[in-house]
Structure formats: C-alpha cells, structure tokens
Amino acid sequence: MSRLQPSLKASSFTESVIREMTRLANLHGAVNLGQGFPDFPAPDEVKEAARRAIAEDHNQYPITWGVPAFREAIATHYDRWYGMRVDPEREVCVTCGSTEAMIAAMLGLLDPGDEIVVFEPFYENYGPDAILSGAVPRMVTLHPPDWTFDEAELREAFTDRTRAIVLNSPNNPTGKVFTREELSLIAELCVRHDAIAITDEIYERLTYDGAVHIPVATIPGMEDRTVTISALSKTYSVTGWRVGWAIAAPLLMDGIRVVHDFLTVAAPAPFQVAGVAALALPEGYYAEVVREYDERRGLLMKILAGVGFEAAPPHGAYYVMADISRLGFADDVAAAHDLVERVGVAAVPGSSFFTDPANGAHLLRFAFCKKLETLEAAGERLRR
Ligand SMILES: Cc1ncc(COP(=O)(O)O)c(C=O)c1O
C-alpha cells in the first residue's frame, strides 16, 4: 500500500460536521443556524482594545503561557465571579481557544489506554481529542428532555483505568447546566478514583431561567484535580480571535504548558492584550448579553414550535436540540441536507453528537447566536 496517505490517527475521524454545514450554508445561500458563531458585532471597546494593541506593537511572540496582564485578568475573573483563587504565575495557560486548551489538556495529562468518562451527546471535538491522545472514552447518556443522567450508569463508567472525566457545562448541544448535586456526585467519584475533571466552561456566562453556572473546581475536593477551560470566544462574540485558557494546579499545569508550547507556541499576542479590556467589562455588559440571548432563545423556540419541531428550552449556552421524529425525514442527515438545500436554513445533524449515529437520528441542533432578523428570516423560510 502506498505510504502517501493520512496517518491511521487522522483517518479515524472525519472533517467536522458542524463546519461542513457552514460550507453548505454558504454554497446554498442558506441562513446559518448551524455553527455557533454570532452574526452580530463584538463590543466596540473590545475591538478598539485590539486595534490599540496592534498599534502599540504587541505583535511578537508573547510568553508561551500567556501575556502577564491577561493571566492576571483571568485570575481576577475567577475570583470576581466564583470566589476561585487562581495563581496567574503557576496555574494559567492561555491557548488558541478552548479548542486548543482541551487537546493540550488531554495530550498533557492522559496516556494511551487511559479511560475518560464523557457525557453523551457531546461537543464533537472531544471524539477526535480522545483519539489523538490515545484515551478510551466511556460514555454516560444524558436523557432528554432535561438531559439528566443515571447515577448508577455514571458510577459504573468509573473504573480503575479512569484517568479523567470530560465535562461541559453549560452544555453544547443540550443546553444543560449541571447542578451542584450532580457536580458533587462527579466530585465524589473523581476523588474516589483519583481522577481529573477536564471541564469545558466556555458558555459560563450564558445561563437562563435562573440556572447558575458552578465551576467544578469550586466543589470541595476538586481544587487540585480540575482543569477549567474557557475562552473569550462566546462571552465577547470573538470566535475568530482564537483566545482561550486552561486553569489547573501547578502539577497538572506543567503537562498542559509543555504540550501547548510545542502545539502553537502561544495564542495571538494583540488579542490577549485586548482580552484584558474584555474581562474588565462592567457587570451591566454581562446582564445585557444574557438578556439579548434570552430574547433570541425565546424567538427560536417559538419559530421551531410553529413548524412542528419539538424542543425543550435550553437553560444554558446557545443551542436548541429539536426532535424531528414527526416531520417524516429519513434521518437527521437527510433532514439537515433537505433544510439547507431546499428550505435555505442550516442546522447540525444530531448524530454528530453521538458515538452511535442512531441515537441522534431524530435530532437537529439549531444555534440562536444570531440577530433577531436572522432568526426571523430562518423562521420565514421554515414556514414556507
Ligand atoms: C463546548 C464548546 N467548546 C469549545 C468550543 C470552541 O471554542 P473556541 O472557539 O474557544 O475554541 C465550542 C464552540 O462551539 C463549544 O461549543
């Protein structure tokens, strides 16, 4: 066999379904409710801070694990919102988005054959991340409509080979916000099995209906065994800046930092400097962001209900998982292609969030990080 071909690793997963849907949306001129990026502008003061950073020549390699002032700002952010003590010198690594933070954490903390517990449906990156780091995922199902899990199933998923659990709260694609009780159970199991929690909290500021985001690292016993991951991407509508971070106790952080150094050297310097301004925005900014997202959520729920998609309102993040069973499509992939090609609305097939595609064959994920008029335009097309 020719050796001019992708590696076995690279051949064991395919291109991102979510990003493929964006390509199809562009090809067919569809309204894109697929990929989770806003179609409205980032805050002016944050954009201005980036322009200023470039003008002031923050244009060379920064310190590998992050611009000092930005690491300070991240530490202040965790103290301000969650009373979490973070040492910016030893416990922070700034990365190219949450995406890099997650793969750097897995490569830096897992050995081939280690088991990781993952809740399913899951954000599609975690599958390839596990393959690249040689970890073996053990799935625990989240059950609709409120996406709860079975305690016995979670207990069984932890074995003497478990190295870590991968969490994502507020959750993509379900909108679930894990409760203190659920996190306490996870903490009990992590402590008992000496396991790490790698937790993707990128939607930390986006919760609705009184749901409260609780960082896993603040649950007693988890301080030194949690990798907390977040980013500027969602909270400040700058998904293209590629700035995120991982927070962990020094022993774990050492593993993350060395991998990060050789993956990317550093995240973009001027956008880290601008990140200081973003994290310093006043409380009113965050309240307004949530108010606007709540309005978009309400509109999308109304549109979907009006055309026969069944869905429960998400309590966090910015997606709705809709049940298409009653609409007569062969499956989710057929439905997504039909919608993007004939109706002109892009959504993501539910199967891309499950190991066994059959489990998501009745689901489509719609993103509501869009202007009200974009959502209205999608609604018009769906009704037609
Ligand atoms: C759960 C989750 N994690 C990570 C990301 C990617 O984040 P970033 O742009 O910071 O790499 C996304 C984007 O949709 C996401 O939904």
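About the thresholds
Residues numbered from 1 in each chain as written. Predicted model: local features only at pLDDT ≥ 70, side-chain atom pairs only at ≥ 80, totals over all residues. Heavy atoms only, no water. Helix = DSSP H or I, 4+ residues; strand = E, 2+ residues; numbered from the N terminus. Rg over C-alpha atoms; globule rule 2.2 N^0.38 Å. Contact = heavy atoms within 4.5 Å. Areas by Shrake-Rupley, 256 points an atom, 1.4 Å probe, with all protein chains shown as cover. Lys, Arg positive; Asp, Glu negative; His and termini not counted. Charge placed at Lys NZ, Arg CZ, Asp CG, Glu CD. Pairing = 2+ DSSP bridges. Patch = residues over 30% accessible without salt bridge, like charges linked within 9 Å, V, L, I, M, F, W, Y side chains within 5 Å. Salt bridge = Lys/Arg side-chain N within 4 Å of Asp/Glu carboxyl O. Buried < 20%, exposed > 50% of the residue type's maximum accessible area, 1.4 Å probe, protein only. Near = heavy atom within 4 Å. Polar contact = N/O pair within 3.5 Å; in protein donor to acceptor, adjacent residues only side chain to side chain. Axes fitted to C-alpha atoms, helices over the stretch in contact; angles between N-to-C directions. Core = buried A, V, L, I, M, F, W, Y, C linked by side-chain atoms within 4.5 Å. Right-handed = clockwise from strand over helix to strand, strands pointing away.

1. Observations regarding the overall build of the protein
For step 1, the next point in the chain: Summing up its helical and strand segments, the protein has 13 helices and twelve strands in all.
For step 2, the next point in the chain: Expected size for 384 residues packed as a compact globule is a radius of gyration near 21 Å; at 20 Å, the protein falls within 12% of this value.
For step 3, the next point in the chain: Considered along the principal axes of its C-alpha atoms, the protein spans approximately 55 × 55 × 50 Å.
For step 4, the next point in the chain: For the protein, long-range pairs separated by at least 24 residues make up 75% of all intrachain contacts whose partners lie at least 6 apart in sequence.
For step 5, the next point in the chain: Carbon and sulfur atoms form 54% of the exposed surface of the protein, whose accessible area is close to 16400 Å².
For step 6, the next point in the chain: Side chains of the protein carry 35 positive and 53 negative charges; the gap between the two charge centres is 3 Å.

2. Focus: the sheet that holds strand E9 (residues 319–323)
For step 1, the next point in the chain: Read across the sheet, three strands follow the order E9-E12-E11 without closing on themselves; strand pairing throughout is antiparallel. Across the chains shown, the open sheet's two edge strands, defined by having one partner strand only, are E9 and strand E11 (348–349).
For step 2, the next point in the chain: Where E9 lies against strand E12 (residues 363–367), five bridges are found, and the strand directions are antiparallel. Residue pairing in the sheet places Asp-323 in a bridge with Leu-363 of E12.

3. Quick notes on a nonpolar patch on the surface
For step 1, the next point in the chain: On the surface, Leu-107, Leu-132 and Leu-263 cluster together into a nonpolar patch covering about 220 Å² of accessible area.
For step 2, the next point in the chain: Since its relative accessible area comes to 33%, Leu-107 is described here as partly exposed.

4. Structural notes on the site of the ligand
For step 1, the next point in the chain: In the region of the ligand, 15 residues are neighbours, and Thr-99, Asn-172, Asp-200, Tyr-203 and Lys-234 sit closest.
For step 2, the next point in the chain: A distance of 2.8 Å separates an oxygen atom of the ligand from a polar backbone atom of Ser-98.
For step 3, the next point in the chain: One of the side-chain N or O atoms of Asp-200 is found 2.6 Å from a nitrogen atom in the ligand.
For step 4, the next point in the chain: For the ligand, the protein covers 93% of the area, taking 400 Å² as the surface of the free molecule.

5. Brief notes about the sheet that holds strand E7 (residues 226–231)
For step 1, the next point in the chain: With mixed pairing, seven strands are arranged side by side in an open sheet as E2-E8-E7-E6-E5-E3-E4. Because the sheet does not close on itself, it has two edges, and the strands there are strand E2 (92–95) and strand E4 (136–141). Across the sheet, the mean angle separating the axes of adjacent strands is 20° when strand polarity is ignored.
For step 2, the next point in the chain: Bridging between E7 and strand E8 (residues 244–247) involves four bridges; their strand directions are antiparallel. Bridging across to E8, Ser-230 finds its partner in Trp-245.
For step 3, the next point in the chain: The sheet contacts of helix H6 (residues 126–133) involve strand E3 (115–120), E4, strand E5 (162–168) and strand E6 (196–200), and relative to E5 the element is tilted by about 160°.

6. Concerning the nonpolar core
For step 1, the next point in the chain: Judged by nonpolar contacts, the single largest core of 73 residues is most densely connected at Leu-232, Phe-309 and Phe-366.
For step 2, the next point in the chain: With nine residues, helix H11 (residues 283–306) is the single largest residue contributor to this core.
For step 3, the next point in the chain: Judged by nonpolar contacts, the second largest core, of 57 residues, contains Ile-18, Met-106, Leu-110 and Val-348.

7. Comments concerning the pairing of E6
Put simply, side chains in a regular strand alternate between the two faces of the sheet.
For step 1, the next point in the chain: By the criterion of burial, E6 is predominantly enclosed, with five of the five residues buried.
For step 2, the next point in the chain: Note: E5 against E6, five bridges, orientation parallel. Bridging from a neighbouring strand, Asn-168 pairs with Asp-200 of E6.
For step 3, the next point in the chain: At this point the chain moves from E5, through helix H8 (residues 180–192), to the parallel E6, and the crossover so formed is right-handed.

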